[in-house]
Amino acid sequence: MNPQRLGALLEKEWREMFKNKMVLISVAIAPMILLLISVFLLVLFEASYGELLADAQLLRQLEGDWAILFNNILMFFLFMPLVIPLAIAVYAVVGEKEQGSLEPLLATPITDLELFAGKALASVLPGLLITWAAYAAFAAVALAWMPPALTAFFFAPPWLLAMFGLAPLIALFSVLAAMAISAFTRDTRAAYQLSSLIMVPFLIGSLYHIFTQRELVSVGLIAAAMGGAALVDALVLGLGLRLFRREDILTRCP
């Protein structure tokens, strides 16, 4: 791949993204809501165990209770890289079809792989940066409010591996699946509706984990999830590359 063409495409995609208010609003609302919910759960925890926070021995006795709550909070942060890039990825193809700006891009020397990779990166990177910023804000609140014995939980290996290892794979899946859908969809609203189905399996899995709590989040569990996500990403990438063909997109452009 040509780095200059890829860089030029990234610059173009981000410039167009900042011009689109609908995309910006979609990108901003989800992390704000999920972050507020996470902080609210901390408030509930403090309200329930506030008198015990200064007693390290009692906290150790209740470790199972607060570990379950904090692991549930992790699910919200893993939901961010799934939701945030969707709006950008869908607009990256369908929005340009509707505006008629995709045809000039396809007429350039850029290859199909560069086009696909550039649009994918343009969606994944902002989603990850916003997710990590929300995580940093949550961690800052926790550090300022909770005792060290508890705040260390948010910097433990399972959390760090989830945020910096699993989250990128989740974001990549979200973007690749959304772009595959957008490649054969001509209407932005329809593309958004179809792409929202991507979230259903993750929602079901998260709710199952929250309500059953059969296993606490661990490094082994996150590593297994990363392996599964990497496999799914590879399969979706192969499908997306087959669907994301220059000639097909040109013939479907309105």
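Conventions adopted
- Residues numbered from 1 in each chain as written.
- Predicted model: local features only at pLDDT ≥ 70, side-chain atom pairs only at ≥ 80, totals over all residues.
- Heavy atoms only, no water.
- Helix = DSSP H or I, 4+ residues; strand = E, 2+ residues; numbered from the N terminus.
- Contact = heavy atoms within 4.5 Å.
- Phe/Tyr/Trp six-rings, centres within 6.5 Å; stacked < 30°, edge-to-face > 60°.
- Axes fitted to C-alpha atoms, helices over the stretch in contact; angles between N-to-C directions.
- Parallel < 35°, antiparallel > 145°, perpendicular 65-115°, else oblique.
- Left-handed = near helix turned anticlockwise from the far one by under 90°.
- Nonpolar A, V, L, I, M, F, W, Y, C, P; charged D, E, K, R; others polar.
- Expected span 1.5 Å × (residues − 1).
- Buried < 20%, exposed > 50% of the residue type's maximum accessible area, 1.4 Å probe, protein only.
- Arc of directions from axis to C-beta.
- Patch = residues over 30% accessible without salt bridge, like charges linked within 9 Å, V, L, I, M, F, W, Y side chains within 5 Å.
- Areas by Shrake-Rupley, 256 points an atom, 1.4 Å probe, with all protein chains shown as cover.
- Salt bridge = Lys/Arg side-chain N within 4 Å of Asp/Glu carboxyl O.
- Core = buried A, V, L, I, M, F, W, Y, C linked by side-chain atoms within 4.5 Å.
- pLDDT = per-residue confidence, 0-100.

Caption draft 1: Quick look at the environment of isoleucine 170. By the secondary structure assignment, isoleucine 170 is in helix α8 (residues 157-183). Sequence spacing of isoleucine 170 and proline 81 is 89 residues, and the spatial spacing of their C-alpha atoms is 6.2 Å. Excluding residues that lie within four positions of it along the chain, isoleucine 170 makes contacts with Leu78, Pro81, Leu82 and Phe202.

Caption draft 2: Structural context of the packing of aromatic side chains. All told, the structure shown has 10 aromatic pairs when counted by the stated rule. Their ring planes at 80 degrees and their centres at 6.2 Å tell us that phenylalanine 77 and tyrosine 135 sit as a pair that is edge-to-face. With a gap of 58 residues between them, phenylalanine 77 in helix α4 (residues 63-99) and tyrosine 135 in helix α6 (residues 112-145) connect regions that are remote in the sequence. Among the aromatic side chains, those forming a connected cluster through ring pairs are Phe77, Trp132, Tyr135, Phe138, Phe153, Phe154, Trp159 and Phe164.

Caption draft 3: Highlighting the packing of helix α1 (residues 3-19) against α6. Between α1 and α6, the shortest axis-to-axis distance is 9 Å and the interhelical angle comes to 50 degrees. The angle between α1 and α6 falls in the class oblique. The chirality of how α1 crosses α6 is right-handed. Touching Arg5, Leu6, Leu9, Leu10, Glu13 and Trp14 of α1 are Glu114, Leu115, Ala117, Gly118, Lys119, Leu121, Ala122, Leu125 and Pro126, all from α6. Looking at side-chain class alone, the contact of α1 with α6 contains 10 nonpolar, one polar and four charged residues.

Caption draft 4: Up close: α1. In this model α1 runs 25 Å from its N-terminal to its C-terminal C-alpha over 17 residues, within 8% of the 24 Å that 1.5 Å per residue would give. All of the buried residues in α1 are Leu6, Leu9, Leu10, Lys12, Glu13 and Met17. Taken around the axis of α1, the buried residues stretch over an arc of 165 degrees, which confines them to a single face. Turned more than 90 degrees away from the buried face of α1, the exposed residues are Gln4, Glu11, Phe18 and Lys19.

Caption draft 5: Structural detail: a nonpolar patch on the surface. On the surface, a cluster of nonpolar side chains totalling about 410 Å² of accessible area is made up of Phe40, Val43, Leu44, Val141 and Trp145. The set of elements that each furnish at least two residues to the nonpolar patch consists of α2 (21-49) and α6. Residue contributions to the nonpolar patch peak at three residues, all from α2. Looking at where phenylalanine 40 falls in the secondary structure, it is placed in helix α2.

Caption draft 6: Local environment of the nonpolar core. Residues Phe70, Phe77, Leu78 and Trp159 are the most contacted members of the largest nonpolar core, which totals 58 residues. Elements with a contribution of two residues or more to this core: α2, α4, α6, α8 and α11 (219-243). Ranked by residue count, the leading element in this core is α4, at 17 residues. Discounting chain neighbours no more than four positions away, the residues touching leucine 78 are Ala162, Leu166, Ala167, Ile170 and Phe202.

Caption draft 7: The arrangement of the confidence of the model for the protein in detail. Put simply, the protein has an average pLDDT of 76, and 69% of its residues get 70 or more. Looking across the protein, the model is least confident in helix α12 (residues 246-252), with a mean pLDDT of 55, and most confident in α8, with 87.

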